[in-house]
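# Examining the three-dimensional arrangement
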Amino acid sequence: MLPVQLGPLGSPPALLLGLLALAAVIVVGRLLLRLAWKLVVIALVVVAALWVVGAISLGDVLIAAPY
C-alpha cells in the first residue's frame, strides 16, 4: 500500500502556518462582528426613539417651538 502524499501542504510547518492564518481570520472576524452587533443595537434604539417621538407627535413641539 502506498502512503498518501499531500505535497507541499503536508509538511508540518505549512500546516502550522495555515492554521495560524485561519486563527487570525477567526479572531479578526469575531472582533468585527462584536463591533457590528453594537452598532446594530444602537441604530435600533435610535430608530425606535425617533419612531416613538413621531408617533406621539412631539416632533413638531421639539423642532419648532417659537417662544
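The structure reproduced in this document is the subject of the present report.

## With respect to the overall build of the protein
- A count of helical and extended segments in the protein gives two helices and zero strands.
- Only carbon and sulfur atoms are counted for the fraction: they give 81% of the accessible area of the protein, which is about 6400 Å².

## Overview of helix α1 (residues 12-55)
- Spanning 44 residues, α1 covers 63 Å between terminal C-alpha atoms, matching the ideal 64 Å at 1.5 Å per step.
- Taken from the residues just after α1, S57 is the one with a positive phi, measuring 50 degrees.

## With respect to a nonpolar patch on the surface
- On the surface, L35, L39, I42, V46 and L50 cluster together into a nonpolar patch covering about 500 Å² of accessible area.
- Within the secondary structure layout, L39 lies in helix α1.

Rules of the game
- Residues numbered from 1 in each chain as written.
- Predicted model: local features only at pLDDT ≥ 70, side-chain atom pairs only at ≥ 80, totals over all residues.
- Heavy atoms only, no water.
- Helix = DSSP H or I, 4+ residues; strand = E, 2+ residues; numbered from the N terminus.
- Areas by Shrake-Rupley, 256 points an atom, 1.4 Å probe, with all protein chains shown as cover.
- Expected span 1.5 Å × (residues − 1).
- Patch = residues over 30% accessible without salt bridge, like charges linked within 9 Å, V, L, I, M, F, W, Y side chains within 5 Å.
- Salt bridge = Lys/Arg side-chain N within 4 Å of Asp/Glu carboxyl O.

That is the geometry; function is a separate question.
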